[in-house]
Amino acid sequence: MMRLPKFRYYAPQTVTEAAAILHAEGPQAMVVAGGTDLYPNMKRRHQMPTTLVGLRKIGRLRGVKGSAARGLWIGPGTTLTDLEENALLRRHYPGLFQAIHSISTPILRNMGTIGGNICLDTRCNYYDQNYEWRRAINFCMKCDGDICWVAPKSKICLAVSSSDTAPVLCAYGARFHLASKKGERTIEAKDLYKRDGIHYLTKRPDEILTGITLPPAARFRSAYRKLRRREAFDFPVLGVAVCVRFEGAVVGDARLWLGAVSMAPVEAKDAQAALTVRPLTDETIEEAARLAYPLAKPVDNTDFALRWRKEMTRHFVKEVLREIRQT
Ligand SMILES: Cc1cc2nc3c(=O)[nH]c(=O)nc-3n(C[C@H](O)[C@H](O)[C@H](O)COP(=O)(O)OP(=O)(O)OC[C@H]3O[C@@H](n4cnc5c(N)ncnc54)[C@H](O)[C@@H]3O)c2cc1C
Ligand code: SF4
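Read on for a plain summary of the structure. (Residues numbered from 1 in each chain as written. Chains lettered and ligands numbered in written order. Predicted model: local features only at pLDDT ≥ 70, side-chain atom pairs only at ≥ 80, totals over all residues. Heavy atoms only, no water.)

### Remarks on the site of ligand 1
The immediate surroundings of ligand 1 are formed by 34 residues, with Val 31, Thr 36, Thr 113, Asn 117 and Asp 164 found nearest. A distance of 2.8 Å separates an oxygen atom of ligand 1 from a polar atom in the backbone of Gly 35. For ligand 1, an oxygen atom lies 2.6 Å from a polar atom in the side chain of Thr 36. Of the residues in the shell around ligand 1, the class split is 16 nonpolar, twelve polar and six charged. (Near = heavy atom within 4 Å. Polar contact = N/O pair within 3.5 Å; in protein donor to acceptor, adjacent residues only side chain to side chain. Nonpolar A, V, L, I, M, F, W, Y, C, P; charged D, E, K, R; others polar.)

### Structural notes on the sheet that holds strand S9 (residues 220-227)
As summarised here, the arrangement of the four strands in space is S9-S10-S11-S12, forming an open sheet in which the pairing is antiparallel. Only two strands of the sheet have a single partner each, and these edge strands are S9 and strand S12 (266-267). Bridge count between S9 and strand S10 (residues 238-247): eight bridges; the pairing is antiparallel. Bridge pairing in S10 places Phe 220 opposite Arg 245. Helix-sheet contacts for helix H9 (residues 165-172) involve S9, S10 and strand S11 (250-259), and the interaxial angle to S11 is about 155 degrees. (Pairing = 2+ DSSP bridges. Helix = DSSP H or I, 4+ residues; strand = E, 2+ residues; numbered from the N terminus. Contact = heavy atoms within 4.5 Å. Axes fitted to C-alpha atoms, helices over the stretch in contact; angles between N-to-C directions.)

### Structural notes on the sheet that holds strand S8 (residues 208-214)
Across a sheet, strands are paired by hydrogen bonds formed along the backbone, either parallel or antiparallel in direction. Strands sit in the order S4-S5-S8-S6-S7 across an open sheet of five strands; the sheet is antiparallel. Both edges of this open sheet fall to strand S4 (64-67) and strand S7 (183-188), since each of them pairs with a single strand only. Each strand of the sheet is rotated relative to its neighbour by a mean of 15 degrees, with strand direction disregarded. Relative to S8, strand S5 (residues 71-74) runs antiparallel, the two being bridged by three bridges. Paired with Trp 73 across the two strands is Thr 213, which belongs to S8.

### Description of the pattern of salt bridges
Under the counting rule described, the total for this entry stands at 22 salt bridges. Across the pair Asp 282 and Arg 325 runs a salt bridge whose closest N-O atoms are separated by 3.0 Å. A residue pair is termed long-range when its members are at least 10 positions apart, and Asp 282 in helix H11 (residues 282-292) and Arg 325 in helix H12 (residues 306-326) qualify at 43 residues. By relative accessible area, Arg 325 is classed as partly exposed at 34%. When salt bridges with common partners are traced through the structure, they connect Arg 185, Arg 204, Asp 206 and Glu 207 into a single cluster. (Salt bridge = Lys/Arg side-chain N within 4 Å of Asp/Glu carboxyl O. Buried < 20%, exposed > 50% of the residue type's maximum accessible area, 1.4 Å probe, protein only.)

Pasting the structure below:
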């Protein structure tokens, strides 16, 4: 049995209190929400915070407010199950609903939160192992070592962004609200992520995600498709998120993002341009899939054969776009 290392635990009731504790304790402190990612990582001795700041008692971080016409505010401490059961989200933000519904298992979704999913650690077969396994290969750059076993000449870690909601929130143009003792700021979802498997977030360790804002949904359609070995439980090895706004018979605006193919979600800009100001026909769908495909650059650190994973990008892009056309 793998045991948690020792740590100090705080259970603040306000964001101000939580921010003050993070500030006082320094970078060795981390926040924990559902703990479904952080606790297993601590058991494997990947992440070793000496202090944890639990967010579950902060009421302000939970819930959903707003409407499809005005846009939604989602508290990052809201569980994935609560979001899955939210009728507004299911009806008007189907891409996000599909992503949430596909995360792990119902039991983990009862505990896991959307904030934890947004800030999820990157993944790699050489990293997501217990301490003894990692020691046997002399560790790797992401934790305790100095080499990348996937690409020994690489200067950066190639661990994969494996959050299901991240590509969808980027496609929506969602905004994230952050707070720390130093103040508050709001960023675009896409600006939270960095193409670096170790320093994968732009947020500082003392910053708490305090809110997620989704734009009005009335004028767009969205969808998400996920590739994984089993239809439950498994992390994505490819995620395709699309959000399309129609202007009459043509696409006014198209956002297409790939997840789990790099250290951060990837925007398929050429594919987006190919879809815009044109009707969504078989030909434009085919072209978008052709243009999105080269952006998927999977490396050999998760599941399935690389070539096949890359090839599936083409098929998944076509599938999500056809789904959008039918809705
Ligand atoms: C068996 C298994 C299968 C899984 N399958 C999937 C899957 O298919 N897809 C998927 O996307 N995920 C999957 N997960 C990962 C995880 O369950 C989910 O991503 C979940 O949403 C994480 O939320 P949490 O509240 O438990 O995060 P936690 O473990 O509490 O935290 C995760 C990270 O987010 C940070 N964090 C949490 N909340 C905040 C906040 N408000 N502000 C700042 N930082 C914050 C923590 O410090 C930590 O770094 C799986 C996990 C397991 C164990
Ligand atoms: S990509 Fe390389 S450095 Fe990063 S976790 Fe995997 S083996 Fe380690």
